[in-house]
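# Observations on chain architecture
These are the residues of each chain, in order.
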Amino acid sequence: MRKSINNGNITWLDEGKGAAIVLIHGFSENATLWHNQTTRLKEHYRIIIPDLPGTALSPLTTPLTIESMAEYVYAILLAENISEAVVIGHSMGGYIALALAEKYPALLKGLGLFHSTAKADSEEKKEGRRKSIRMMEQYGAETFLRQTLPNMFSPATKSKHNELIDAYVKLGMECQLPALVAYYEAMAVRPDQTAVLKTLRVPVLFMIGKDDNAVPLDNVLPQITLPPVSSIHIFENVGHMGMWEIAEESNVILEQFIAFCQR
């Protein structure tokens, strides 16, 4: 069921019943990213999936920051009277989950970083985002997305599952240029959040693809020992899109992690 508050400015999907699980999508995505996971998890849990500002029916709000998007998610939880939840974010969604954990630590029963990192952008990464923004503004969002989004998958997936690449590009096309630019700008200036991992008192899930070009393995590995309890999963032939590339394995891992967090 799709819901909204604030005159339709904040929208989300609400599926299933039970303990609350929040799934946060990333750049150029929307709530449907998590379809495979929602279908399974809603049998046992209540799944809350925000459409971040600028995606689906949620209008873009400015200025947009990682922190403002964390407040956006928190507003949904307040509206639903949810006082605790396992929060899992993909890529940019992980940055948002970390910001939420930093400001509202009592809210979290568990934190999941799905192909995400607590580190801030390096100067090289920031420059890459600026170049991408210039490319989008000069040639349009479609050209950028068609060139960039296939690289979110591993070579093995690209060679065997063109339907996944096509579906992901189609999903990205639903996000308008101003939102894409705003997301890149927000990610480029986000602070380093590794200290958050050290202060958390809940389990943290790390999903890592060996072929992830967006969040490489060597970026994430130093972080896995920071939380008091870590669940670490590293996959061969997986890029940045484990929830699609290995949907069944991802579902099993999520179910096990969520069950552990409910203890």
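Below is a short write-up of the structure. (Residues numbered from 1 in each chain as written. Predicted model: local features only at pLDDT ≥ 70, side-chain atom pairs only at ≥ 80, totals over all residues. Heavy atoms only, no water.)

## Description of the side chain of Asp51
How we decide: Only DSSP runs of H or I reaching four residues or more are called helices, and only runs of E reaching two or more are called strands; each is numbered from the N terminus. Partly exposed describes any residue whose relative accessible area lies between the buried limit of under 20% and the exposed limit of over 50%, with all areas from a 1.4 Å probe on protein chains only and scaled to the type maximum. Contact definition: two residues touch when any of their heavy atoms are within 4.5 Å.
Note that Asp51 resides in strand 4 (residues 46-51). Classification of Asp51 as buried rests on a relative accessible area of 0%. For Asp51, the residues in contact, after removing those within four places along its chain, are Arg2, Thr11, Trp12, His25, Asn30, Ala31, Ala56, Ser58 and Tyr72.

## Here we look at the packing of aromatic side chains
Spelled out, the test is: Pairing of aromatic side chains here covers Phe, Tyr and the six-membered ring of Trp, requires ring centres within 6.5 Å, and sorts the geometry by plane angle: under 30 degrees stacked, over 60 edge-to-face, intermediate tilted.
Overall, the coordinates contain seven aromatic pairs when judged by the stated rule. On the numbers, 6.4 Å between centres and 75 degrees between planes, the contact of Phe27 with Tyr183 is edge-to-face. With Phe27 in the loop between strand 3 (20-24) and helix 1 (35-41) and Tyr183 in helix 8 (residues 177-188), the pair connects residues that are 156 residues apart, well separated along the chain. Here Phe27 and Tyr183 have matching classes, each one buried.

## Some details on the pairing of strand 3
Keep this limit in mind: Any two strands with at least two DSSP bridges between them are considered paired. We call a crossover right-handed when, viewed with both strands directed away from the observer, the connection leading from the first strand over the helix to the second proceeds clockwise.
Summarising burial for strand 3: five of the five residues are buried, a large majority. Of the two faces of strand 3, the one lined by Ala20, Val22 and Ile24 and the one lined by Ile21 and Leu23 are each fully buried. Relative to strand 4, strand 3 is paired through three bridges, and the arrangement is parallel. Paired with Ile21 across the bridge in strand 4 is Ile47. Crossover connection from strand 3 via helix 1 to parallel strand 4: handedness right-handed. Here four bridges tie strand 3 to strand 5 (residues 85-90), and the two strands are oriented parallel to one another. Pairing of Leu23 across the sheet is with Ile88, part of strand 5.

## Overview of the environment of Gln256
Looking at the secondary structure, you find Gln256 in helix 12 (residues 247-261). For the pair Gln256 and Ser231, spaced 25 residues apart in sequence, the C-alpha to C-alpha distance is 9.9 Å.

## Some words on a nonpolar patch on the surface
For clarity, the cut-off: Excluding any residue in a salt bridge, patches collect residues exceeding 30% relative accessible area, merging like charges within 9 Å and nonpolar Val, Leu, Ile, Met, Phe, Trp and Tyr side chains within 5 Å. For the area figures, the Shrake-Rupley method with a 1.4 Å probe applies, and any residue is considered shielded solely by the protein chains shown. Any carboxyl oxygen of Asp or Glu within 4 Å of a side-chain nitrogen of Lys or Arg constitutes a salt bridge here.
Together, Leu221, Ile232 and Ile234 make up an exposed nonpolar region whose accessible area comes to about 220 Å². Assignment of secondary structure puts Ile232 in strand 8 (residues 230-235).

## Focus: the pairing of strand 7 (residues 204-209)
For strand 7, a buried count of six out of six residues is recorded, marking the element as mostly surrounded by other parts of the structure. Residues Val204, Phe206 and Ile208 of strand 7 are buried on one face, and the alternating residues Leu205, Met207 and Gly209, pointing to the opposite face, are buried as well. Here strand 6 (residues 108-114) pairs with strand 7 via four bridges, running parallel. From the neighbouring strand, Leu113 faces strand 7, where its bridge partner is Phe206. Here strand 7 pairs with strand 8 via six bridges, running parallel. When the bridges of strand 8 are listed, Phe206 appears paired with Ile232.

## A few points about unusual backbone geometry
Looking along the chain, the bond that leaves Thr62 and enters Pro63 is cis, with omega of -5 degrees. Among the secondary structure elements, Pro63 is positioned in the loop between strand 4 and helix 2 (66-79). A positive phi is found at Asn6, a non-glycine position, where the angle reads about 55 degrees. Here Asn6 is to be found in the loop between strand 1 (2-5) and strand 2 (10-15). Classification of Asn6 as partly exposed rests on a relative accessible area of 47%. Phi is positive for Asn7, close to 55 degrees, though the residue is something other than glycine. Relative accessible area serves as the criterion here: at 81%, Asn7 is assigned to the exposed category.

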